[in-house]
Amino acid sequence: MPIYEYICDGCGYEFEELQGMSELPVEVCPKCGARQVRRKMSVSGFHLKGTGWYVTDFKNSGKGSGGSGSSKEGSK
Ligand SMILES: [Zn+2]
């Protein structure tokens, strides 16, 4: 459920409401009772900061090059 931020133009009271999609927006200020509440567009609580996902692979696939080719040929 998204959290909506409201601000009352009458008294300046700011509050948040957890509301579903089907619920009506708040119109009356819960503090002073004025019908001058407007919804702020910023939705707080759902900001995921720091989505940098760095994967540094340090996999040196060094194949063993130790096979020294010393092929001795038997001379007869
Ligand atoms: Zn108010």
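Remember, predicted model here, so these are calculated numbers, not experimental data. (Residues numbered from 1 in each chain as written. Predicted model: local features only at pLDDT ≥ 70, side-chain atom pairs only at ≥ 80, totals over all residues. Heavy atoms only, no water.)

(A) A look at the coordination of the zinc ion. Protein coordination at the zinc ion: the donors are Cys8 (SG), Cys11 (SG), Cys29 (SG) and Cys32 (SG), at 2.3 Å from the metal. Coordination at the zinc ion comes from 4 donor atoms whose angles at the metal span 105 to 113°, giving a geometry best classed as tetrahedral. Using a relative accessible area of 2% as the deciding quantity, one classes Cys8 as buried. A residue is classified by how much of its surface remains accessible, and Cys11, at 39% relative accessible area, is partly exposed. (Donors = N, O, S within 2.8 Å, 3.2 Å for Na, K, Ca; no water. Tetrahedral: all angles 85-135°; square planar, octahedral: opposite > 155°, others 65-115°. Buried < 20%, exposed > 50% of the residue type's maximum accessible area, 1.4 Å probe, protein only.)

(B) Molecular detail of the environment of Met21. Topologically, Met21 is positioned in the loop between β2 (14-18) and β3 (37-40). The spacing of Met21 and Met1 is 20 residues in sequence and 7.9 Å in space, taken between C-alpha atoms. (Helix = DSSP H or I, 4+ residues; strand = E, 2+ residues; numbered from the N terminus.)

(C) Structural detail: the nonpolar core. Counting residues in hydrophobic clusters, the biggest one holds 7 residues: Tyr4, Tyr6, Cys8, Phe15, Val26, Cys29 and Val37. Sorting elements by how many residues they give to this core places strand β1 (residues 3-8) first, with 3 residues. If we skip the residues at most four places from it in the chain, Cys29 touches Cys8, Cys11, Tyr13, Ala34 and Val37. (Core = buried A, V, L, I, M, F, W, Y, C linked by side-chain atoms within 4.5 Å. Contact = heavy atoms within 4.5 Å.)

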